[in-house]
Amino acid sequence: MLILLQTLATGIVLAGLYSLFAIGLSLGWGLLHTINFAHFSFVLLAAYVTYELSTAAGWDPVVTMVVTAPIGALLGLGLQLFVTTFKIDVFGTLIVTFGLFLIFEAAMAMRWTADLLRLPSEINPYFTSAVRIGPIRVSMLLTIATALAVLACVGVWWLLKHTRTGRGIRAFVQEPEMAAAFGVNYPQLSLVIAGIAGATAGLTGTILGMYLSLTPTVVEVWIAVVFAVVLLGGLANPIGVMGAAFVIGMVESFTRQFADPAMARLMALVVLIIVLVFRPEGLFKRLVQEARE
Amino acid sequence: MTAARRAGWVAMALVSAMVLAACAGDDAEPAAAEDGEVAEAPAAEDPAEDAADEPEGEPIVIGGTLALTGPFAATAQIHEIAAEQYVEMLNENGGLLGRPVEWTVLDDESQADLSASLYERLITQDGVDLVMGPYGTGAITAAMQVAERYGYVFPHHTASLTYAYTYDKHFPTWFVGLNTHHTTPRKVFEAYQTLDDAPQSVTFVTNRFPGTDFLVYGVDQGEGALREGGGALRVAEEMGLEVLEDLSFDLGTTDFSGIAQRVAAVDADLLFVGGLGVDGPNLLAALEQLDYKPRHQFHQWPAPGPMLQVGDLADGATSVTIFEPFEPYLSNPGAQELYQRFTAAAEAAGMSYTAPETQAGASWAAWQVLTAGVEGCQCLDHDEIAAWLLDNTIQTVQGEFNYRADEQNYGDDIQTVKQIQDGNWYVVWPPDHASEGRDMQGAG
């Protein structure tokens, strides 16, 4: 029973990290029609900023979020302005942001080299710390990520559902002409979403900066699972993102605990393929529809 | 299908392509000696040590690729620095055959197929005189086929699948022996057997990377000089250790929580991590979150810096090595030059771990082997270079290489066991190679 609970807890916090990583991508794709491959670069840049501020300036790595979130937001805003200005369509954003991804990778390799950079344990106690709930222990870092993910997802859900900004954006996504006729200023509202998406990238970066050894390509191993969460959860649906991350986190956690750990990621992707075949709108179609109404 | 969904499939295709674009490793082998007869090879001494005239004439061009970008760039950077420093040293000391040496390195982007096509270009279009192997098992395996097609001598530093290389002019310098799946684990377990609290049980945690898979699980069938069986798991059982758990994980795994729970649950005396890079530190962090520290721990190919950066968690951890920046290695030919030049260059490049160790030692030795062969035969003929290398003992920073043709150009396994003590790595086994005042330490 204890093992079962421990596995469940591990799956939940893993899902938290996946949600935090995926929410920005999902928002951009669903509401801004931007498939932002550069989201991964924003995350990695934030991770390097955390590394730099912690090692060179002696900041507590968690505190660096006050810098990385705004940096992420600014990057998101900049990209959205670019996309809007040049009227790039959804396919075009994929190509453009993939190009940006490669440029960022090269630039980070020039700045920080291809070397492995890890925050020393004395300034990053979070890496090895655990949160204890009775006999259950989960990673402190992943718990922080989960808290941030819940804040971000619930916050975005509330914004979309209960604010004028959110209603305006949703209206524009469904009926652009009609919404414009009613005075919805989409370019302006879209910047809000882009900023939020970018900020979540910044927060994710700080977590990964504490979690991983950094190299300019380290973020690539996350691409598959993050896209899986986005597609499973349904676009622009923060609650769906959390649900999808929960499914993937659980599949991975239970596979690692009770089966061959090497199959964990594969099992998660198999789930994605099955869902895409049988439920192409994602696992949470009803939630997506509700969120859009 | 809506535009957004079409874009979704395009995105998934892109993601899939990126996920598939990965793989490499680390290891090497030795070449053949006729009838066991070997002759000393004075030319294997670094040419740098014999201050010579300025090199003259047409440069000798040595071509190769390295993973200057992509997932393997972090380690390939070590080989780039080692190569630059070696060639610079060579030219400062008279060059090769009295001619200047030019090193042409191309970026294979961590992709084996690209590496192969670039070697094809280097040989057929650029007409390089010699080649140096790329970094990593995948790229080396692919590029070796090109070298074989054109009959080029192919020194390489980091190929882990010893059994897979049958080309008669390949010269590995990760000098672990053809049957490393037997010799490496045996050496490690023998070191542990010397302890008062020698482990009686072991848990394996293995990365599915081909090189680590080979070393932990061995091979089912032998062929030629390759012995069947082997692998740390079987060797452990043969040596009386009880295997309590055998776990594997895929390349790129970042979350080790579930694996850590299983490791802690069985609580074996020895944790054998058949991993590479930062697998070890990540697993140790997950174990620490469970308040569990293995009594003894071995890591196959850890990135040396990150292991030290996790502090006490890795104290007492062991690994295998072929070169470390202290005695007795520093007395080997060329080791002082490697140490001084590499450390300075790595510092200038802003690397986090600047001491030359296994990777740099393998790289430097590959250049020593190539230049020894050229100087030995006083020629650029690949058949003659290969013949010379097979007939002579090569002095390198790792020690003596005797390439044996009857063992697919591998030789003895000359690895040693190193251990983290007092926050640094030290060689502890075998005793005649141990760092001064150091020996294998047990738990606690």
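Check the entry above for the structure.
Here is a short report on the structure shown in this document. Because the structure is predicted, anything quoted here is derived from the model rather than measured. (Residues numbered from 1 in each chain as written. Chains lettered and ligands numbered in written order. Predicted model: local features only at pLDDT ≥ 70, side-chain atom pairs only at ≥ 80, totals over all residues.)

**Quick word on the overall build of chain A**
Next, step 1: When you go through chain A residue by residue, the secondary structure sums to 12 helices and two strands.
Next, step 2: Secondary structure elements in chain A, listed N-terminal to C-terminal, are α-α-α-α-β-β-α-α-α-α-α-α-α-α.
Next, step 3: Relative to the 2.2 N^0.38 estimate, which gives 19 Å for 293 residues, the radius of gyration of chain A is 19 Å and therefore close to what a compact globule would have.
Next, step 4: Considered along the principal axes of its C-alpha atoms, chain A spans approximately 55 × 45 × 30 Å.
Next, step 5: Each of the 293 residues in chain A was classed as buried or not, and the buried ones make up 60%.
Next, step 6: Taking the contacts inside chain A whose residues are at least 6 apart along the sequence as the reference set, 78% of them involve residues at least 24 apart. (Helix = DSSP H or I, 4+ residues; strand = E, 2+ residues; numbered from the N terminus. Rg over C-alpha atoms; globule rule 2.2 N^0.38 Å. Buried ≥ 20, exposed ≤ 12 C-beta atoms within 10 Å, placed from the backbone. Contact = placed C-beta atoms within 7 Å.)

**A closer look at the overall build of chain B**
Next, step 1: Counting its regular elements, chain B contains 13 helices and 14 strands.
Next, step 2: Relative to its full complement of 444 residues, chain B shows a buried share of 60%.
Next, step 3: Here the contacts in chain B between residues at least 6 apart in sequence split such that 73% fall between residues at least 24 apart.

**As for helix α3 (residues 65-85) of chain A**
All names here are of chain A.
Next, step 1: Taking 1.5 Å per residue as the helical rise, α3 with its 21 residues ought to reach 30 Å, and the 30 Å between its terminal C-alpha atoms agrees with that figure.
Next, step 2: All buried positions along α3 are accounted for by Met65, Thr68, Ala69, Gly72, Ala73, Leu75, Gly76, Leu79, Gln80 and Val83. Around the axis of α3, the buried residues are gathered within 160 degrees of arc, so they sit on the same side. Pointing more than 90 degrees away from the buried face of α3 are the exposed residues Val66, Gly78 and Thr85.
Next, step 3: Considering only its buried residues, α3 is in contact with α1 (2-32), α2 (38-56), α4 (90-112) and α8 (186-211).
Next, step 4: The first or second residue beyond α3 is Lys87, which carries a positive phi of 50 degrees. (Expected span 1.5 Å × (residues − 1). Arc of directions from axis to C-beta.)

**Brief notes about the nonpolar core**
Residues and elements named next belong to chain A.
Next, step 1: By size, the foremost hydrophobic cluster in this structure holds 231 residues, and its most contacted members are Tyr18, Val226, Val229 and Ile248.
Next, step 2: Considering every element that reaches this core, the biggest residue donor is α1, with 15 residues.
Next, step 3: If we ignore the near neighbours within four places in the chain, the residues touching Tyr18 are Val225, Val226, Val229, Ala245, Ile248 and Gly249. (Core = buried A, V, L, I, M, F, W, Y, C linked by C-beta atoms within 7 Å.)

**Quick look at the pairing of strand β1 (residues 60-66) of chain B**
All names here are of chain B.
Next, step 1: Counting buried positions along β1 yields six of seven residues, so the element is predominantly enclosed.
Next, step 2: In the sheet, β1 pairs with strand β2 (residues 101-107) via seven bridges, with the strands oriented parallel. For Ile62, the partnering residue across the bridge sits in β2 and is Trp103.
Next, step 3: The parallel pair β1 and β2 is bridged by helix α2 (residues 73-92), and the resulting crossover is right-handed.
Next, step 4: Where β1 lies against strand β3 (residues 130-131), two bridges are found, and the strand directions are parallel. (Pairing = 2+ DSSP bridges. Right-handed = clockwise from strand over helix to strand, strands pointing away.)

**Digging into α2 of chain B**
Next, step 1: The first and last C-alpha atoms of α2 of chain B sit 28 Å apart over 20 residues, in line with the 28 Å expected at 1.5 Å per residue.
Next, step 2: Just downstream of α2 of chain B lies Gly94 of chain B, where phi reads positive at about 100 degrees.

**Brief notes about the interface of chain B and chain A**
Next, step 1: At the junction of the two partners, chain B supplies 46 residues and chain A supplies 41 residues.
Next, step 2: A per-element tally of the side of chain B that touches chain A places helix α1 (residues 3-20) of chain B first, with 11 residues.
Next, step 3: In terms of residue class, the side of chain B that touches chain A is built from 25 nonpolar, 16 polar and five charged. (Nonpolar A, V, L, I, M, F, W, Y, C, P; charged D, E, K, R; others polar.)

**Things to note about the packing of α3 of chain A against α8 of chain A**
Residues and elements named next belong to chain A.
Next, step 1: Where α3 meets α8, the closest approach of the two axes is 6 Å, and the angle between their N-to-C directions is 140 degrees. In terms of their interaxial angle, α3 and α8 are classed as oblique. The crossing of α3 and α8 is right-handed.
Next, step 2: Per-class residue counts for the contact of α3 with α8 are 15 nonpolar, 11 polar and no charged. (Axes fitted to C-alpha atoms, helices over the stretch in contact; angles between N-to-C directions. Parallel < 35°, antiparallel > 145°, perpendicular 65-115°, else oblique. Left-handed = near helix turned anticlockwise from the far one by under 90°.)

**Side note on the sheet that holds β1 of chain B**
Residue and element names in this part refer to chain B.
Next, step 1: Taken together, three strands build an open sheet; the order of strands is β2-β1-β3 and the sheet is parallel. Looking at strand neighbours, the two that pair on one side only are β2 and β3, the edges of this open sheet.
Next, step 2: Together, β1 and β2 form the strand contacts of α2, whose direction differs from that of β2 by roughly 165 degrees.

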